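In case you want the letters, here they are:
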Amino acid sequence: MFRTLRRMAVGLLLAMAVAGPAHADDGYRLWLGSAGGNASVTVEGNSPTLILAADELRRALPANTPPIRLARVKDAGLGNEGYAVRRSGSTLVINGQTDVAVLYGAFALIRHVRSGGDPAQASLRSTPRVALRLLNHWDNLDGSVERGYAGQSLWDWWTLPDYRDPRYTDYARANASIGVNGTVLNNVNAKAESLSAPYIAKAAALADVFRPWGIRVYLSARFSAPIELGGLKTADPRDPAVAAWWQAKADEIYRAIPDFGGFLVKANSEGQPGPRDYGASHADGANMLAAAVKPHGGVILWRAFVYADSDPTDRAKQAYAEFQPLDGQFASNVIVQVKNGPIDFQPREPVHPLFGAMPRTRLAAEFQITKEYLGFATHLAYLGPLFAEALDTPTGHVTQGNEAGQTVADTLTAVSGVSNIGRDRDWTGSTFNQANWYAFGRLAWDPTLPAQAIAREWAAQTFGPDARVIDTASAMMMRSREAVVDYTGAFGLAHLFSSDHHYGPGPWIDDLKRPEWNPVYYHRADRNGIGFDRTRTGSNAIAQYAPAIAARLARPETTPPELLLWFHHLPWEWRMADGRTLWEALARRYDRGVAEVMAMRRDWATLKGRVDPERWAKADTYLAIQTREAKWWRDSSLAYWTSLNGLPLPQGMAAPEHDLAWYKAQHFTHVPGAP
Ligand code: GCV
């Protein structure tokens with residue numbers, strides 16, 4: 001009897017071990033796991049940051065970890081934020097030149113161990129390749145989040161500065177664990193009010209919470225604030241009264257937030273005010289603000305995302321045309337923030353031609369972590385490959401020290417990621433979206449990290465050590481972004497999304513106010529062909545790239561196939577390298593995209609019981625939504641293209657479920673994230 005009971009108990013334990021965690025997990029802990037360690041840690045020093053670092057290690061690592069010692073040291077090679085973790089006798093030593101560097105070292109050791117590394121063998125040394133690694137929140141003062149799909153804003157402006165929600169600390173901790181060192185709190189479509197005294201006090205409260213974690217606060221500034229807040233008649237950057245107003249405003253902010261990072265500005269873009277309203281240049285505007293924060297060590301992040309309805313030239317050319325001639329005119333504490341591609345965070349874009357083309361200007365790359373164009377919160381699209389692809393792209397410019405060829409990452413002083421964080425319990429609307437926040441931080445720290453390695457370490461920390469889960473989840477992640485490209489429009493098609501909320505397909509839309517807001521502007525498809533001619537015979541946008549790159553893009557045969565229709569308008573019968581017509585290749589990509597999503601869902605099903613039930617079920621349901629929506633994209637797009645080209649679907653392909661009129665009749669209200 002006793003033996004039977006024991007056998008049953010052992011059997012149960014074994015079943016539990018194989019089945020993985022049976023308890024529900026709401027995703028709140030992100031990749032940071034649960035407490036339960038009891039490592040022995042000593043600290044040389046007692047700063048709040050060092051104490052946090054020690055607490056993290058104690059909490060995360062088991063008692064049998066070799067004793068750990070944290071200490072600041074002089075080691076110029078580490079810079080201000082780099083760390084070294086090494087074995088010294090029986091002790092593991094974590095060093096850095098500053099407290100926050102030691103904190104980064106502590107998180108690196110935890111990551112190493114929780115991704116399967118042996119703590120006793122840990123030998124880690126790393127310095128960040130990019131100085132400023134920032135989240136940009138598009139959070140409004142009313143709690144809504146522009147392009148946010150994870151609930152309301154994390155910042156409860158109403159109860160700040162008095163109430164400091166513990167979530168603010170958890171947010172800072174998560175960011176510190178991946179090396180993010182700054183956060184812009186409010187939307188670039190900014191309200192002047194966010195610079196008023198009450199809101200400065202609220203931002204200061206957040207800055208106090210974030211400071212020990214090495215995170216500085218920045219604010220988006222509305223260029224016309226001197227008029228709206230200051231009662232001035234103008235915001236002309238050349239007017240001394242305007243400059244004095246900004247100087248006084250900067251002084252006021254720095255009194256409340258001594259380590260304030262600076263301002264992020266969206267000027268003369270999509271209706272926002274800016275220096276061009278007064279005939280002044282972007283450099284005039286940025287430099288005036290730069291002078292105001294310079295005495296305090298602040299920076300101005302000035303966005304290059306500009307395009308005008310009054311400008312009939314190709315939208316993809318406008319930012320370069322406006323900014324490149326200003327190279328050398330920006331103050332040293334101005335950083336021009338450039339979106340990764342020349343249009344707007346599409347599932348795939350070529351890199352922006354400004355990277356490498358402004359050698360005398362500091363640059364930031366802006367990525368969108370929130371998935372405005374990649375399926376909101378519900379589609380699984382791991383963005384590590386998208387970020388890495390852009391950061392790794394050669395600019396074609398050769399610079400001193402970069403004779404082998406400069407990549408986009410080499411041109412950067414800062415990397416910004418438009419946050420996907422909200423008040424949802426799991427922070428980002430889904431477990432897999434957490435990986436995009438994670439990958440952003442890891443790649444901002446080191447743009448050379450492979451996206452797959454990041455996916456694996458994220459999966460290990462998020463789901464635990466089960467190799468099947470890590471292998472399967474990371475493999476799903478690695479093919480997910482390409483699946484989205486395939487079912488929304490492959491080969492460089494872009495901006496085919498429905499009206500301003502960008503939910504679902506709308507390649508037929510042609511009646512929006514500004515020409516470049518309409519999908520038909522981008523695909524230019526008709527009976528004969530499809531694609532945007534950006535060569536010499538068209539808009540000649542290719543001339544904005546370095547000559548070696550431009551030469552390759554000049555001919556469809558030498559253009560990367562994944563960007564073919566971004567740069568070329570081609571007949572539907574164009575022969576691809578494999579001999580198929582462009583039409584057949586494009587049509588089959590829609591099928592491939594849908595098939596990939598179905599495969600991801602099947603793969604996820606194999607992990608049932610190995611991932612906790614709560615997160616497993618939510619991801620499974622989201623994959624079902626994605627399957628339905630991928631089919632919708634496929635069917636509606638094929639119905640539309642065939643209505644233009646009159647061609648039959650390639651052999652064996654299923655006809656769309658509905659006719660084009662049905663797809664065109666789909667309208668949605670109350671779509672999340674729409675401004
Ligand atoms: C914050 C796109 C988005 C807008 C966003 C804008 C920008 O146009 O749809 O919501 O506005 O980019 O980056 O400024």
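Residues numbered from 1 in each chain as written. Predicted model: local features only at pLDDT ≥ 70, side-chain atom pairs only at ≥ 80, totals over all residues. Heavy atoms only, no water.

## Considerations on the overall build of the protein chain
Here is step 1: A count of helices and strands for the protein chain gives 19 helices and 15 strands.
Here is step 2: In terms of C-alpha radius of gyration, the protein chain reaches 26 Å, essentially the compact-globule figure of 26 Å for 675 residues.
Here is step 3: Put simply, the protein chain has 675 residues, and 59% of those count as buried.
Here is step 4: By sequence separation, contacts in the protein chain at least 24 residues apart represent 71% of the contacts at least 6 residues apart.
Here is step 5: Surface exposure of the protein chain reaches about 26,000 Å², of which carbon and sulfur atoms provide 54%. (Helix = DSSP H or I, 4+ residues; strand = E, 2+ residues; numbered from the N terminus. Rg over C-alpha atoms; globule rule 2.2 N^0.38 Å. Buried < 20%, exposed > 50% of the residue type's maximum accessible area, 1.4 Å probe, protein only. Contact = heavy atoms within 4.5 Å. Areas by Shrake-Rupley, 256 points an atom, 1.4 Å probe, with all protein chains shown as cover.)

## Observations concerning the sheet that holds strand β1 (residues 41-43)
Here is step 1: Reading across from one edge, β1-β2-β4-β3-β5 is the order of the five strands in this open sheet, with mixed pairing throughout. The outermost strands of the open sheet, each flanked by one partner alone, are β1 and β5 (124-126). The sheet shows a mean angle of 20° between the axes of neighbouring strands, taken without regard to direction.
Here is step 2: Bridge count for strand β3 (residues 83-88) against strand β4 (residues 91-96) is six bridges, and the pairing is antiparallel. Residue pairing for β4: Y83 is matched across the bridge by G96.
Here is step 3: Sheet contacts for helix α2 (residues 48-60): β1, β2 (68-72) and β4; angle to β1, the most-contacted strand, approximately 175°.
Here is step 4: Strands β2, β3, β4 and β5 of the sheet are contacted by helix α3 (residues 99-114), whose axis makes an angle of about 135° with β4. (Pairing = 2+ DSSP bridges. Axes fitted to C-alpha atoms, helices over the stretch in contact; angles between N-to-C directions.)

## Considerations on the packing of aromatic side chains
Here is step 1: Applying the stated criterion across every chain yields a total of 42 aromatic pairs.
Here is step 2: Taken together, a centroid distance of 5.6 Å and an interplanar angle of 90° make the contact between W572 and W583 edge-to-face. Taken together, the residues span a long stretch of sequence, with W572 in the loop between β15 (570-571) and α17 (582-605) and W583 in helix α17 at a distance of 11 residues. Like W572, the residue W583 is buried in the burial classification.
Here is step 3: Taken together, the aromatic side chains of Y28, W31, W155, Y168, Y171, F210, W427, W437 and Y438 make up a single cluster linked through ring pairs.
Here is step 4: Against the face of F305 rests K339, its NZ or CZ located 3.3 Å from the ring centre. (Phe/Tyr/Trp six-rings, centres within 6.5 Å; stacked < 30°, edge-to-face > 60°. Lys NZ or Arg CZ within 6 Å of the ring centre and 35° of its normal.)

## Description of the sheet that holds strand β9 (residues 262-265)
Here is step 1: Read once around its circumference, the closed barrel built from eight strands follows the order β6-β7-β8-β9-β10-β11-β12-β13, with strand pairing classed as parallel. When strand polarity is set aside, the average angle formed by the axes of neighbouring strands in this sheet is 25°.
Here is step 2: Here strand β8 (residues 216-220) pairs with β9 via three bridges, running parallel. Within β9, the position partnered with S220 by the bridge is L264.
Here is step 3: Against the sheet, helix α5 (residues 197-210) makes contact with β7 (182-184) and β8, and its axis sits at roughly 150° relative to β8, the strand it touches most.

## Looking at the nonpolar core
Here is step 1: F210, W246, F263 and W641 are the most contacted members of the largest nonpolar core, which totals 198 residues.
Here is step 2: The contacts of F263, once residues within four sequence positions are left out, are L195, L219, A221, W246, I253, V293, V299, I300 and L301.
Here is step 3: Formed by 14 residues, the second largest nonpolar core is a distinct cluster that contains A494, Y522, I549 and W566. (Core = buried A, V, L, I, M, F, W, Y, C linked by side-chain atoms within 4.5 Å.)

## Observations regarding the pairing of β8
Within a regular strand, side chains alternate between the sheet's two faces.
Here is step 1: With four of five residues buried, β8 lies mostly within the body of the structure.
Here is step 2: As paired strands, β7 and β8 are joined by three bridges and run parallel to one another. Looking at β8, one finds that V184 is bridged to Y218.
Here is step 3: In this fold, β7 hands off to α5, which returns the chain to β8; that crossover is right-handed. (Right-handed = clockwise from strand over helix to strand, strands pointing away.)

## Observations regarding the packing of helix α12 (residues 451-463) against helix α13 (residues 467-488)
Here is step 1: For the pair α12 and α13, the least separation of the axes is 9 Å and the interaxial angle reads 135°. One element, α12, and the other, α13, form an angle in the oblique class. Where α12 crosses over α13, the two elements pack in a sense that is right-handed. Contacts between α12 and α13 involve A451, Q452, A455, R456, W458, A459, A460 and F463 on the former and, on the latter, V469, I470, D471, A473, S474, M477 and M478. (Parallel < 35°, antiparallel > 145°, perpendicular 65-115°, else oblique. Left-handed = near helix turned anticlockwise from the far one by under 90°.)

## Re the confidence of the model for the protein chain
Here is step 1: In the predicted model, the protein chain carries a mean pLDDT of 95, and 97% of its residues have values of at least 70.
Here is step 2: Note that residues 1-19 has pLDDT below 50 and, in this model, three contacts with residues that lie over four places away or in other chains. (pLDDT = per-residue confidence, 0-100.)

## Some words on the pattern of salt bridges
Here is step 1: Within the structure shown, the criterion is met by 41 salt bridges.
Here is step 2: R534 is the salt-bridge partner of D314, the closest N and O atoms lying 2.7 Å from each other. Within this pair, whereas D314 is found in the loop between β10 (299-303) and α9 (315-323), its partner R534 is found in the loop between β14 (529-530) and α15 (547-553), the two being separated by 220 residues in sequence.
Here is step 3: Among the charged side chains, a salt-bridge network with shared partners connects D25, R29, D612 and R615. (Salt bridge = Lys/Arg side-chain N within 4 Å of Asp/Glu carboxyl O.)

## Points about the site of the ligand
Here is step 1: In the vicinity of the ligand there are 14 residues, among which E146, K266, R303, K339 and E372 approach most closely.
Here is step 2: Between the ligand and R147, the relevant distance is 2.9 Å, taken from an oxygen atom to a side-chain nitrogen or oxygen of the residue.
Here is step 3: Within the side chain of D344, an N or O atom sits 3.2 Å from an oxygen atom of the ligand.
Here is step 4: Burial of the ligand by the protein amounts to 96% of the accessible area it has alone, namely 340 Å². (Near = heavy atom within 4 Å. Polar contact = N/O pair within 3.5 Å; in protein donor to acceptor, adjacent residues only side chain to side chain.)

## As for the pairing of strand β12 (residues 362-368)
Here is step 1: Extensive coverage of β12 is indicated by the burial of six of its seven residues.
Here is step 2: Relative to strand β13 (residues 412-418), β12 runs parallel, the two being bridged by six bridges. The partner of F367 across the bridge, within β13, is G417.
Here is step 3: Note on the crossover from β12 through helix α10 (residues 384-392) to β13: the handedness is right-handed.

## Overview of the packing of α13 against α17
Here is step 1: One way to put it is that α13 packs onto α17 with a least axis distance of 8 Å and a crossing angle of 155°. With respect to each other, α13 and α17 are oriented roughly antiparallel. Helix-helix and strand crossings are classified by hand; for α13 and α17 the assignment is left-handed. Side by side, α13 and α17 meet where T472, M476, R479, S480, E482, A483, D486, Y487 and T488 of the first sit next to R589, Y590, R592, G593, V594, E596, V597, A599, M600, D603 and W604 of the second.

## Some details on the environment of A577
Here is step 1: Mapped onto the fold, A577 is located in the loop between β15 and α17.
Here is step 2: In the structure, A577 is positioned 16 residues away from P561 in sequence and 8.8 Å away in space, judged by C-alpha atoms.

## Re the side chain of H495
Here is step 1: Within the secondary structure layout, H495 lies in the loop between α13 and α14 (519-523).
Here is step 2: Contacts of H495, omitting those with residues within four sequence positions, involve R315, I343, Q346, Y373, H502, P519 and Y522.

## A few points about the side chain of E457
Here is step 1: Secondary-structure assignment places E457 in helix α12.
Here is step 2: The exposure class of E457 is buried, given its relative accessible area of 14%.
Here is step 3: What E457 contacts, discounting residues up to four positions off in sequence, is R111, S115, Y438 and R442.

## Focus on unusual backbone geometry
Here is step 1: With an omega of 5°, the peptide bond running from L160 to P161 counts as cis.
Here is step 2: Tracing the sequence through the fold places P161 in the loop between β6 (132-136) and α4 (166-177).
Here is step 3: Of note in this structure, W427 is not a glycine but carries a positive phi near 75°.
Here is step 4: Mapping W427 onto the fold places it in the loop between β13 and α11 (431-445).
Here is step 5: Notably, H495 is not glycine yet its phi reads approximately 60°, a positive angle.

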